[in-house]
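Read off the chains here:
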Amino acid sequence: MNDLSFATIQELKQGLENKSFSSQELLEFYVQKFQQHDDSIKSAIEIFDTKSILEKHQQVGQQVGQQGGLLSGIPGIIKDNICQQGRITSCASKMLENYRATYDATVIERLKNEGALLIGRANLDEFAMGSSTETSAFFKTKNPWNLSCVPGGSSGGSIAAVAAGMVPWALGSETGGSVRHPAAFCGIVGFKPTYGSVSRYGLIAYASSLDQVGIATRTVYDSALVYSAIAGHDPKDASTLKQLEKKDYTTQLDGILPKNLRIGIVKTAFDTPGLDPQVKQLTQDAIETLRQAGATVHEIELPTLEYSAATYFIISRAEAASNLARFDGVRYGYRSKDAKNLEDLYVKSRSEGFGKEVKVRMLIGNYVLSAGYAGKFYHNAQKVQDLIRKDFANAFSKVDVLMMPSQACPAFEFGKFDNNKLQMDLQDYFLCPANLAGIPAMSVPCGFTQENMPVGVQLIGPGLSEQLLFKVGHAYQQITDWHKMHPKL
Ligand code: GLN
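For clarity, every value in this text was computed on a predicted model and none was experimentally measured.

Cut-offs and rules
- Residues numbered from 1 in each chain as written.
- Predicted model: local features only at pLDDT ≥ 70, side-chain atom pairs only at ≥ 80, totals over all residues.
- Heavy atoms only, no water.
- Axes fitted to C-alpha atoms, helices over the stretch in contact; angles between N-to-C directions.
- Helix = DSSP H or I, 4+ residues; strand = E, 2+ residues; numbered from the N terminus.
- Parallel < 35°, antiparallel > 145°, perpendicular 65-115°, else oblique.
- Left-handed = near helix turned anticlockwise from the far one by under 90°.
- Contact = heavy atoms within 4.5 Å.
- Nonpolar A, V, L, I, M, F, W, Y, C, P; charged D, E, K, R; others polar.
- Near = heavy atom within 4 Å.
- Polar contact = N/O pair within 3.5 Å; in protein donor to acceptor, adjacent residues only side chain to side chain.
- Areas by Shrake-Rupley, 256 points an atom, 1.4 Å probe, with all protein chains shown as cover.
- Expected span 1.5 Å × (residues − 1).
- Bend = angle between axes of the 7 residues up to and from the residue.
- Buried < 20%, exposed > 50% of the residue type's maximum accessible area, 1.4 Å probe, protein only.
- Phe/Tyr/Trp six-rings, centres within 6.5 Å; stacked < 30°, edge-to-face > 60°.
- Lys NZ or Arg CZ within 6 Å of the ring centre and 35° of its normal.
- Core = buried A, V, L, I, M, F, W, Y, C linked by side-chain atoms within 4.5 Å.
- Pairing = 2+ DSSP bridges.
- Right-handed = clockwise from strand over helix to strand, strands pointing away.
- Salt bridge = Lys/Arg side-chain N within 4 Å of Asp/Glu carboxyl O.
- pLDDT = per-residue confidence, 0-100.
- Patch = residues over 30% accessible without salt bridge, like charges linked within 9 Å, V, L, I, M, F, W, Y side chains within 5 Å.

As a packed pair, helix α2 (residues 23–41) and helix α3 (residues 50–59) sit with axes 11 Å apart at the nearest point and diverge in direction by 135°. The angle between the axes of α2 and α3 places the two elements in the oblique class. Once α2 is placed against α3, the crossing between them reads as right-handed. On the side of α2, the interface is formed by Gln 24, Leu 27, Glu 28 and Val 31, while α3 contributes Thr 50, Ile 53 and Leu 54. Tallied by class, the residues present in the contact of α2 with α3 amount to 4 nonpolar, 2 polar and 1 charged.

Let's shift gears to the site of the ligand. The ligand sits among 14 residues. The nearest are Thr 175, Gly 176, Ser 178, Tyr 312 and Asp 428. A distance of 2.6 Å is found between an oxygen atom of the ligand and a backbone nitrogen or oxygen belonging to Gly 176. One of the side-chain N or O atoms of Arg 361 is found 2.8 Å from an oxygen atom in the ligand. Taken by itself the ligand offers 290 Å² of open surface, and the protein chains cover 99% of this.

Before going further, it helps to examine helix α10 (residues 305–323). Taking 1.5 Å of rise per residue, 19 residues should cover 27 Å, and α10 covers 27 Å from first to last C-alpha, within 8% of that figure. Maximum bend of α10: about 25°, positioned at Thr 311. Buried residues dominate α10, accounting for 15 of its 19 residues.

Right, let's talk about the packing of aromatic side chains for a bit. Inspection of every chain in the model, using the stated rule, returns 22 aromatic pairs. Ring centres of Trp 145 and Phe 448 lie 5.0 Å apart, and the angle between their planes is 55°; this geometry places the pair in the tilted category. Of the two residues, Trp 145 sits in the loop between β3 (117–122) and α5 (156–163) while Phe 448 sits in strand β10 (residues 441–448), which places them 303 residues apart along the sequence. Overall, Trp 145 belongs to the buried group, its relative accessible area being 16%. For Phe 448, a relative accessible area of 18% gives the class buried. Taken together, the aromatic side chains of Tyr 99, Phe 127, Phe 327, Tyr 332 and Phe 354 make up a single cluster linked through ring pairs. Just above the ring of Phe 48 sits the side chain of Arg 87; from NZ or CZ to the centre is 3.5 Å. Across from the ring centre of Tyr 249, 4.8 Å away, lies the NZ or CZ of Lys 247, which sits over that ring.

Our focus in this paragraph is the nonpolar core. Ranked by size, the top nonpolar core spans 155 residues in total, and within it Leu 111, Phe 127, Trp 169 and Leu 171 carry the most contacts. When residues no more than four places from it in sequence are discounted, the contact partners of Leu 171 are Ile 77, Ile 78, Lys 79, Ile 82, Val 107, Leu 111, Ser 158, Val 213, Gly 214, Ile 215, Val 226 and Ile 230.

This part covers the sheet that holds strand β1 (residues 44–47). With mixed pairing, 11 strands are arranged side by side in an open sheet as β1-β3-β2-β4-β6-β5-β10-β11-β9-β7-β8. A single partner strand is all that each edge strand has here, and the edge strands are β1 and β8 (296–300). Strand-to-strand, the axes of this sheet are offset by a mean angle of 30°, without reference to chain direction.

This brings us to the packing of α10 against helix α12 (residues 356–369). Running from amino to carboxyl end, α10 crosses α12 at an angle of 100°, the nearest separation of the two axes being 7 Å. Taken together, the axis directions place α10 and α12 in an arrangement best described as roughly perpendicular. Taking contact as the criterion, the partners of Ile 314, Arg 317, Ala 318 and Ala 321 in α10 are, on α12, Arg 361, Met 362, Ile 364, Gly 365, Asn 366, Val 368 and Leu 369. Across the contact of α10 with α12, the residue classes tally to 7 nonpolar, 2 polar and 2 charged.

With that out of the way, let us pick up the pairing of β3. Here β3 lies mainly inside the structure; 6 of its 6 residues are buried. Where β1 lies against β3, 3 bridges are found, and the strand directions are antiparallel. Looking at β3, one finds that Ile 47 is bridged to Gly 120. At this point the chain moves from strand β2 (residues 75–79), through helix α4 (residues 106–113), to the parallel β3, and the crossover so formed is right-handed.

This part takes up the pattern of salt bridges. A full pass over the atoms with the stated rule returns 20 salt bridges. Between Arg 331 and Asp 328 there is a salt bridge, with its nearest N and O atoms 3.3 Å apart. Judged by relative accessible area, Arg 331 falls into the exposed class, the value being 57%. Note on Asp 328: relative accessible area 9%, which makes it buried.

Mean pLDDT over the chain stands at 97; residues scoring 70 or higher make up 100%. When pLDDT is averaged over each element of the chain, strand β5 (residues 189–192) comes out on top at 99 and helix α14 (residues 421–425) at the bottom at 85.

Here we take up a nonpolar patch on the surface. A cluster of nonpolar side chains, contributed by Val 330, Leu 342, Tyr 346 and Val 347, occupies part of the molecular surface with about 330 Å² of accessible area. In this structure Tyr 346 comes out as partly exposed when scored by relative accessible area, which is 32%.

For helix α13 (residues 375–395), with 21 residues, the first-to-last C-alpha span of 29 Å sits near the 30 Å given by 1.5 Å per residue. Where α13 is concerned, the buried positions are Tyr 378, Ala 381, Gln 385, Ile 388, Asp 391, Phe 392 and Ala 395. On its buried face, α13 sits against β8, α10, α12, β9 (401–405), α15 (432–437) and β11 (454–460).

In this structure, Thr 250 sits in the loop between α7 (220–230) and β7 (262–266). For Thr 250, a relative accessible area of 7% corresponds to the buried category. For Thr 250, the side chain forms a polar contact with the side chain of Asp 248, separated by 2.6 Å.

Structure follows, in structure tokens:
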């Protein structure tokens, strides 16, 4: 069998169809890749044994080698905050270290029904809170391009696994950029769908009004394929959209840039203090590439851009405080051993079960929601969120898509922002606006810094413009080769 490490799903499907290899061989190949490389990358919290992977596959009526599903026989890894029935779902937290999910998340059910082989649980920042995967309670995931750098976060494990060629696709989750951020840091495609287009049932909540499942792949085509498998209304998640019909988003990917495509750029975004000059240059180069391919480029205003991060901090922390209140040592997860009474049990279980970052966020969340402050912080943040939505709607009345940087800087070294929380929080700057507006966005590889670290460019579209984003992103990848570069392991 050829080395399939960096093959795309599209190529693997072809190979399976042509019988160049079997799905059993494919599965064994990727499980072995983890054995070879994951001691150094540390992307996975657990890789299941092949026997149990195949058993789960068969439980939904799939046969090994059976074809016909969108992802038949194609292995992938799942961020460990998405429930897989019978498996632990830890959120990389001591709190849920031994929590075994009793049901499949809707996305998992759909992936299984499309024949996907789910081979493990990927590391993340604890409860998806972070931008570096350093807040995982278990271990730090490394960036496959430079092991002394972070992979980004919070879906760092999912993304590093794909970037290192250990698996062709992964699911992550997004609340404020957690798939696009590591994807940009590791040189792969990261996609966040429209809020409500993918079910959140079985995704352990961080900030429910923002949370979405996201997709990590090598190509935009593959992203469209995985999206086709998981998107659509779900009666178990009332926030999913009824009008979304199931379809295959790859059929329209002809590699041609949509005619008369209008790209919007926010000039002030490029003047953001702290934006790395190499990131800025490579982002501008990507825009120029699409202009030369026939798109027109227009300057537009997005006055709320500079308020988005502050708004995101308040809303995400407030919802986190409320969502994580359920982990009290009684109903789920970690329970302290030596509590004297009920109050003591709550306090000790939460103090011992949660890590520092999660605690800080819950404190801030409770503060911004507390009597006397909620108006000043939380309600004002919601008003700004409304303005952000309007800003985007206004922008999309003039242009079809927006392009801006995905990241403020290239992947940084471990510990770099330990004493500079603000700088770490600024990682969300270009990403969280799309989450606040509920609109789709993707990061696509667009080059490398002089230090040979990957950089991603961001494409943002109006609500439910997935098909358009896939078309533009796919066309860009037909004229560039950045996604074909991979790290040497
Ligand atoms: N970096 C952001 C945060 O820490 C994004 C997290 C996410 O999208 N889950 O909140």
